[in-house]
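# Topology and contacts: notes
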Amino acid sequence: MSMTLRTKQILAAALALTAVYAGVWAAFWPRQFYDRFPGWGRHWVDVLGPYNEHLVRDVGGLYLAMAVLSVWAAAAPRSRLFPATGLAWLAFNVPHAVFHMRHLDMYGSVDTTANIVALWGVVVLAALLLVPAPHRRARSRNTGHRSTAEGTAQQPCASQ
């Protein structure tokens, strides 16, 4: 199985959007994030324990850092950057998802289902960034150079 760089750009952009949503809210409006996340009348954070501004702002900063990495991967695609981005997301989100899976008893069925889908959805997106891109070399018509899947020129072809 392989995945195109364009597909990986879309995955990285989707991860960036999730990170910006949570990160900006938690970093700049921590009390509102605590009281109202994920929004739309749902409450997923305030049922987990007392408010801690420092912790909520730190989580916001973590998400913003993940957003920076994800935007970078999406905007300047390089095959080595995608696995690093995926691994960073997994390092954060696997323990995050496991914690929440152990603390679903305070939610109704809609919020339980939404938590599971949201948390493991991010893990799946991150894991997909680890799938290798197809490795192909094609001769450029204009330059006689070989190009990689990333579109960067390599050494001239021997037949030129």
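Here we summarise the structure given alongside this text. (Residues numbered from 1 in each chain as written. Predicted model: local features only at pLDDT ≥ 70, side-chain atom pairs only at ≥ 80, totals over all residues. Heavy atoms only, no water.)

This part is about a nonpolar patch on the surface. Taken together, the side chains of Val47, Leu48, Phe99 and Met106 present a nonpolar region at the surface, about 300 Å² in accessible area. Within the element layout of this structure, Leu48 appears in the loop between strand S2 (42–43) and helix H3 (53–75). By relative accessible area, which is 31% here, Leu48 ends up partly exposed. (Patch = residues over 30% accessible without salt bridge, like charges linked within 9 Å, V, L, I, M, F, W, Y side chains within 5 Å. Areas by Shrake-Rupley, 256 points an atom, 1.4 Å probe, with all protein chains shown as cover. Salt bridge = Lys/Arg side-chain N within 4 Å of Asp/Glu carboxyl O. Helix = DSSP H or I, 4+ residues; strand = E, 2+ residues; numbered from the N terminus. Buried < 20%, exposed > 50% of the residue type's maximum accessible area, 1.4 Å probe, protein only.)

All right, on to the nonpolar core then. With 35 residues, the main nonpolar core has Ala19, Phe33, Phe37, Tyr63, Phe82 and Trp89 as its most contacted residues. For this core, the elements supplying multiple residues, two or more each, are helix H1 (5–28), helix H2 (30–36), H3, helix H4 (81–101) and helix H5 (109–128). Among the elements that take part in this core, H1 stands out by supplying 8 residues, more than any other. Once residues within four sequence positions are removed from consideration, Ala19 is found in contact with Val24, Tyr63, Met66, Ala67 and Trp89. (Core = buried A, V, L, I, M, F, W, Y, C linked by side-chain atoms within 4.5 Å. Contact = heavy atoms within 4.5 Å.)

What follows concerns the environment of Met101. Relative to the assigned elements, Met101 resides in helix H4. By relative accessible area, Met101 is classed as partly exposed at 26%. With 14 residues separating them in the primary sequence, Met101 and Asn115 have C-alpha atoms 8.3 Å apart. Apart from the residues within four sequence positions on either side, Met101 is in contact with Asn115, Ile116, Leu119 and Trp120.

Another point: the layout of surface pockets. Space inside the largest pocket adds up to approximately 830 Å³. Lining the largest pocket are 31 residues; nearest its centre among them are Phe33, Phe37, Val45, His96 and His100. Counting only elements with at least two residues in the lining of the largest pocket, the list comes to H1, H2, H3, H4 and H5. Residue composition of the lining of the largest pocket, grouped by class: 23 nonpolar, 7 polar and 1 charged. (1 Å grid on protein atoms, 1.4 Å probe; cavity = no way out; pocket = protein on both sides within 12 Å on 5 of 7 lines; lining within 4 Å. Points joined across faces, edges and corners; volume = space filled by probe spheres on them. Nonpolar A, V, L, I, M, F, W, Y, C, P; charged D, E, K, R; others polar.)

Compared with the 33 Å implied by 1.5 Å per residue over 23 residues, the 32 Å span of H3 between its first and last C-alpha is a close match. Looking at H3, one finds that the buried residues are Val56, Gly60, Tyr63, Met66, Ala67, Leu69, Ser70, Ala73 and Ala74. The inward-facing, buried residues of H3 contact H1, H2 and H4. Between the side-chain oxygen of the N-cap and the backbone nitrogen of His54 there are 3.0 Å, and the N-cap of H3 in question is Asn52. (Expected span 1.5 Å × (residues − 1). Polar contact = N/O pair within 3.5 Å; in protein donor to acceptor, adjacent residues only side chain to side chain.)

Next up on the list: H5. Residue pairs three or four apart in sequence face the same way in an α-helix, which turns once every 3.6 residues. Here H5 contains 20 residues, and its C-alpha end-to-end distance of 28 Å stays within 8% of the 28 Å for a straight helix at 1.5 Å per residue. Every buried residue belonging to H5 is among Asp111, Thr112, Asn115, Leu119, Val122, Val123 and Ala126, and all of these are buried. Buried residues of H5 fall within an arc of 115° about the axis and therefore sit on the same side. Of the exposed residues in H5, the ones pointing more than 90 degrees away from its buried face are Ser109, Val110 and Val117. Buried-residue contacts for H5 involve H1, S2 and H4. (Arc of directions from axis to C-beta.)

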